[in-house]
Amino acid sequence: MPYVQAAELSYTKVCALNMSRTICFQPVSALEVHGPHLPLGMDYFMAKWMAEESGRRFADAHPDWTVVQLPALPLGTDELPLAGSMNATQATVYGALMAHGRSLVRAGYRYIVLTNGHGGPRHASALEHACHRISKRYGVDMIVPSNPALYHITKGQRMEQVESLLGRPVTDAERRGLLAGEHAGTWETSFMLAENPDLVEAGYCDLQTD
């Protein structure tokens, strides 16, 4: 079984996994206000997509491994303080991930990948620190590779990769558009339009960014 959902596994099936050839993906991002037009689950959906897409690609490239997809954790900090945002403290996020990581280790998992769609620095650092502590304490590999990618996005340093994927330089208009509002701007709106356009409210093209 190269690609499975953790919630659908029985105890017997978990015990039967070859943990030296099993990798699990855990999305972690809370609900947060994203402008007037995007769903509260923007970061949550992004983290979930990262886990699912990475898991599928890993399964295709490594058919002798099992990929386990864990349900996304709607937990985060550094959320915008507006109605609808679900904000916890950094200590709460860190503590929850430490407890969650210990549970995964007790279950036998040795390779654990966290995915994160939220760019809040305290949120990202809580995930990073929990991964470091779990890995060091229990001799496993628990990582959050999406953090470096989010850093480059929030710093506007991803154009070279975009151009490589497109096979051409981005135009000045495209560059201005991609750099216009990192939070709930062109980048995240485009993602949601591609993934689920029904969740993007009409009139987004008329919105202005400062």
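Coordinates for the structure precede this section.
One structure accompanies this document, and this report is about it. Just so you know, the residues in each chain are numbered from 1, in the order the chain's sequence is written. Only residues with pLDDT of 70 or above have their local features reported here, since the model is predicted, and side-chain atom pairs are shown and tallied only from 80 upward, although totals for entire chains, interfaces and linings are computed over all residues. The side-chain figures draw on all heavy atoms in the structure; neither hydrogens nor water molecules are used.

**A short note on the nonpolar core**
Phase 1: For this analysis, a nonpolar core means a set of buried residues of the types Ala, Val, Leu, Ile, Met, Phe, Trp, Tyr and Cys, connected via side-chain atoms within 4.5 Å. Buried means the residue's accessible area, taken with a 1.4 Å probe over protein chains only, is under 20% of the maximum for its type, while exposed means over 50%, and partly exposed covers the values in between. The biggest cluster of nonpolar side chains holds 27 residues, and the ones touching the most others in it are V68, V93, L97, Y109, I112, L114 and L127.
Phase 2: Helix and strand definitions here come from DSSP, where helices need a minimum of 4 consecutive H or I residues and strands a minimum of 2 consecutive E residues; each element is numbered from the N-terminal end. Breaking this core down by element, the ones donating at least two residues are α3 (90-106), β4 (111-115) and α4 (121-138).
Phase 3: If near-sequence neighbours (up to four positions away) are discounted, I112 is found in contact with C24, L104, D141, M142 and I143. Contact between two residues is taken to exist if any of their heavy atoms lie within 4.5 Å; hydrogens are not considered.

**Side note on the sheet that holds strand β1 (residues 3-5)**
Phase 1: Two strands are said to pair when DSSP picks up at least two bridges between them. Here we have five strands laid out as an open sheet, ordered β1-β3-β2-β4-β5, and parallel in their pairing. Edge strands, defined here as strands with exactly one partner in the open sheet, are β1 and β5 (141-143). Across the sheet, the mean angle from the axis of one strand to that of its neighbour is 20°, orientation sign disregarded.
Phase 2: The sheet contact formed by strand β2 (residues 22-27) and strand β3 (residues 66-69) spans four bridges and is parallel. Bridge pairing in β3 links I23 to V67. Angles shown run from 0 to 180 degrees and are taken between the N-to-C directions of axes, each axis being a line fitted to C-alpha atoms and, for helices, limited to the stretch in contact.

**Let's talk about unusual backbone geometry**
Phase 1: Despite not being glycine, D78 has its phi angle at roughly 65°, a positive value.
Phase 2: The topology assignment puts D78 in the loop between β3 and α3.
Phase 3: Residue D78 is classed as buried on the basis of its relative accessible area of 18%.

**What to know about the packing of aromatic side chains**
Pairs of aromatic rings are described using the distance from one ring centre to the other and the angle between the two planes.
Phase 1: Think of it this way: a Phe, Tyr or Trp ring, Trp meaning its six-membered ring, pairs with another when their centres are within 6.5 Å, and the plane angle makes it stacked under 30 degrees, edge-to-face over 60, tilted otherwise. By the definition in use, this model includes four aromatic pairs.
Phase 2: Plain terms: the ring middles of Y44 and F45 are 6.0 Å apart, the flat faces sit at 75° to each other, and that makes the pair edge-to-face.
Phase 3: Classification of Y44 as partly exposed rests on a relative accessible area of 21%.
Phase 4: Taking relative accessible area as the criterion, F45 reaches 31% and is therefore assigned partly exposed.
Phase 5: Arranged with centres 5.5 Å apart and planes meeting at 80°, the rings of F58 and W65 form a pair that is edge-to-face.
Phase 6: Looking at W65, the relative accessible area reads 14%, which means it is buried.
Phase 7: Put simply, the rings of F58, W65 and Y111 touch in pairs and so form one group of aromatic residues.

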